[in-house]
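A look at the structure
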Amino acid sequence: MQQQEYDLAIVGGGLVGASLAIALQPLAEKLNWKICLIENQPPRDEPSIKDWQPSFDARSTAISWGTRLIYEQLGLWQDLKEHANPIKHIQITDRGFLGSSQLHNTEQQVAALGYVVPNLWLGKVLWQGLAAAKNTQVLAPATIHYVSFPNPEQAFLEGELEDKPLALKAKLVILADGGRSGIKQQLGIADDVHDYEQTAIIANVRMSKPHQSWAYERFAADGPMALLPLAGRDMALVWTRTNEQAANDAVLGDAEFLQAIQKSFGNRAGRFQKVGERFAYPLKKVRSKEQVRQNLVLLGNTAHYLHPVAGQGYNLAIRGVITLAEALAKGAQQSREQGLAFHPGDLPLLEKWQAARQGDQAGVIGFSHGLIALFANDTPLLGHARAAGLIGLNLTAPLRRWITAKAMGV
Ligand SMILES: Cc1cc2nc3c(=O)[nH]c(=O)nc-3n(C[C@H](O)[C@H](O)[C@H](O)COP(=O)(O)OP(=O)(O)OC[C@H]3O[C@@H](n4cnc5c(N)ncnc54)[C@H](O)[C@@H]3O)c2cc1C
């Protein structure tokens, strides 16, 4: 079988793979690169971008102010903002203790601390951007089963496209498969894993009163609960439960479930009136021990998977995307200046990019993990210390600014 040859092959067209293809388009045009993106579950055919309306059941992602700036750079924000619901205020509380902290956009002199965007809308805008990325050929529905590196110049990819065998060659493979394909394991790349033995329950809820762009983060010994503002009176619920509690919750009817969240959260956001479809995600912290090799990069969930409590996974990943596109552009320019041929899978270039990403990754992963550990401990003394900390947070501008900056991803 003939193998199609590409400069880059992106395995996975989820949030991260699709963003990368768009971010690489200017460079691909300049260097006349051929890129292919292979996705096994392309977005469903839904109403066009013009008549699309968020469904009550759609899951959503909180994107930071920093991510908004990246989307502006990629030319996607104009469309994305149509269904991006601003977070203007964040309240952090600790159940059973007095402390509470509030963060406001006005303190940071920005229009919003972040935004909550339905995932379907994000996907729609990204895939529309992908269709305009002329140097990228989208192969979908297609699945890659094996990746091998038989020589230092190219990787071989094997899989299927619409049930027919597919064979490709690429100078650089970007694995953006969300860590779900087994390719990482095939390549012998190990992970650092911490299992929280918890499950995140995600659902949209309708409240009795308008949220006025408030987001709530409520910590409790058995796990945190976040409520994020959506359109109208709807909010996105992220409720962390022990695996046992989540199994019990799964059999509750909607009315009982609404009662349970009301009891856990209290009344500060109003009454919980309606709940949509519930989704459950087992929670782990996963970080790949290797994220680059000659002709290979791991990006997004396949490189790092975080607890969603601080809403940082995708925000971290998109910074990986944009910096990788910048590193490749810089490498190409330096090669041109030195009169050398440029190879995008060049290991020293990829290692340099990866080394520069370490601080951000360690900081965000540590921040998300630290929040869970700090608030998971139920001893009264620690509870009061946390309360003092949260009250202190209200009083101590530099500490509050630090948390806000983390939340904003800047
Ligand atoms: C409950 C929960 C809530 C979250 N909330 C937030 C939040 O508020 N803010 C935030 O920043 N982050 C959040 N995250 C993290 C965020 O969802 C991830 O960072 C993001 O989905 C990563 O995208 P990805 O493209 O790397 O992976 P994925 O979304 O998993 O995409 C991978 C893609 O690859 C495709 N694929 C897989 N294998 C193959 C193959 N062999 N061949 C071809 N295609 C393949 C899949 O079909 C898929 O489309 C949350 C995560 C969870 C679990």
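Here's what I pulled together on the structure shown here. All values derive from a computational prediction rather than experimental measurement.

A word on the side chain of Asp 234. In this structure, Asp 234 sits in strand S15 (residues 234–242). The contacts of Asp 234, once residues within four sequence positions are left out, are Phe 56, Val 205, Arg 206, His 211, Leu 228 and Pro 229.

To continue, consider the site of the ligand. Taken together, the neighbourhood of the ligand is formed by 30 residues, with Glu 39, Asn 40, Ala 62, Arg 180 and Tyr 314 sitting nearest. The contact in question runs from an oxygen atom of the ligand to an N or O atom on the side chain of Arg 180, over 2.7 Å. Note that a nitrogen atom of the ligand is positioned 3.5 Å from one of the backbone N or O atoms of Gly 313. Going through the elements one at a time, helix H1 (15–31), strand S3 (60–64), strand S9 (142–148) and helix H9 (313–337) are the ones with two or more residues in the shell around the ligand.

Here the focus is the sheet that holds strand S7 (residues 114–118). Two modes of strand pairing occur in sheets, parallel and antiparallel, and in both the strands are linked by backbone hydrogen bonds. Spatial ordering of the open sheet is given by S3-S7-S4, a layout of three strands whose pairing is antiparallel. Either end of the sheet is taken by a strand with one partner, and the two such strands are S3 and strand S4 (85–87). Across the sheet, the mean angle separating the axes of adjacent strands is 30 degrees when strand polarity is ignored. Bridge count for S4 against S7 is three bridges, and the pairing is antiparallel. When the sheet's bridge partners are listed, Asn 85 is paired in S7 with Val 116. Contacting S3 and S7, helix H2 (residues 65–74) runs over the sheet at an angle of about 90 degrees to S3.

So, on to the packing of H2 against H9. Viewed as axis vectors pointing N to C, H2 and H9 meet at an angle of 40 degrees, and their least axial separation amounts to 10 Å. On the basis of their axis angle, the class for H2 and H9 is oblique. With respect to the hand of their crossing, H2 and H9 are arranged in left-handed fashion. In this structure, H2 contributes Thr 67, Ile 70, Tyr 71, Gln 73 and Leu 74 to the contact, and H9 contributes Tyr 314, Asn 315, Ile 318, Arg 319, Ile 322 and Glu 326.

Time to look at the nonpolar core. Tyr 71, Ile 174, Val 297, Leu 299, Tyr 314 and Leu 324 are the most contacted members of the largest nonpolar core, which totals 71 residues. Looking at this core element by element, the count peaks at 10 residues for H9. The two domains that each donate at least three residues to this core are domain 1 (2–44 + 121–192 + 285–368) and domain 2 (69–118 + 199–283 + 379–408). Discounting residues that sit within four places of it in the chain, Leu 324 has contacts with Leu 20, Ile 174, Val 297, Leu 299, Leu 350 and Trp 353. Counting 22 residues, the second largest nonpolar core, distinct from the first, contains Ala 9, Leu 168, Leu 187 and Leu 298.

All right, on to unusual backbone geometry then. Between Ala 140 and Pro 141 the backbone carries a cis peptide bond, its omega angle lying at -5 degrees. Here Pro 141 shows up in the loop between strand S8 (136–139) and S9. Phi is positive for Gln 212, which is not a glycine, with a value near 50 degrees. Here Gln 212 is to be found in the loop between strand S12 (191–207) and strand S13 (214–219). Under the relative-accessibility criterion, Gln 212 is labelled exposed at 61%. One non-glycine residue, Asn 295, lies in the positive phi region at around 65 degrees. Tracing the backbone shows Asn 295 in the loop between strand S18 (292–293) and strand S19 (296–298).

With that settled, consider H1. Here H1 is 17 residues long and its end C-alpha atoms lie 25 Å apart, about the 24 Å a rise of 1.5 Å per residue gives. Where H1 bends most, the angle comes to about 50 degrees, and this point is Gln 25, followed within four residues by the proline Pro 26. Burial of H1 is extensive: 12 of the 17 residues sit out of reach of the surface. Of the residues making up H1, those classed as buried are Val 16, Gly 17, Ala 18, Ser 19, Leu 20, Ala 21, Ile 22, Ala 23, Leu 24, Gln 25, Leu 27 and Ala 28. Backbone geometry just after H1 places Asn 32 at a positive phi near 60 degrees.

How each quantity is defined
- Note that residues are indexed from 1 along each chain, following the sequence as it is written.
- Local features in this predicted model are restricted to residues whose pLDDT is 70 or higher, and side-chain atom pairs enter the listing and the counts only when it is 80 or higher, whereas totals over whole chains, interfaces and linings include all residues.
- Derived side-chain values reflect all non-hydrogen atoms in the structure, with water molecules and hydrogen atoms excluded from consideration.
- Helix and strand assignments follow DSSP, with helices taken as H or I runs no shorter than four residues and strands as E runs no shorter than two, numbered in order from the N terminus.
- Throughout, a contact is declared for two residues whenever any of their heavy atoms are within 4.5 Å.
- Proximity is defined per residue: any heavy atom of the residue falling within 4 Å of a molecule or strand makes that residue near it.
- In protein, a polar contact means a hydrogen-donor-capable atom and an acceptor-capable atom, both N or O and within 3.5 Å, with residues adjacent in sequence counting only if both atoms are side-chain atoms; elsewhere, any N or O pair within 3.5 Å suffices.
- Strands qualify as paired when DSSP identifies two bridges or more between them.
- Comment: axis = line fitted to C-alpha atoms, over the contacting stretch for helices; angle = value between 0 and 180 degrees taken between N-to-C directions.
- Here the angle decides the label: under 35 degrees means roughly parallel, over 145 means roughly antiparallel, 65 to 115 means roughly perpendicular, and every other value means oblique.
- Crossing handedness: left-handed means the near helix sits turned counterclockwise from the far one by under a right angle, and right-handed means the same turn made clockwise.
- Among buried residues, those of type Ala, Val, Leu, Ile, Met, Phe, Trp, Tyr and Cys that are joined through side-chain atoms within 4.5 Å constitute a nonpolar core.
- The rule is simple: take the accessible area with a 1.4 Å probe, protein chains only, and divide by the maximum for that residue type; under 20% is buried, over 50% is exposed, in between is partly exposed.
- Where each domain begins and ends follows an automated or database-derived domain assignment.
- Multiply 1.5 Å by the residue count of a helix minus one, and that product is the helix's expected span.
- Here the bend at a residue is taken as the angle between two axes, fitted respectively to the seven residues that end there and the seven that start there.

Structural measurements only, silent on function.
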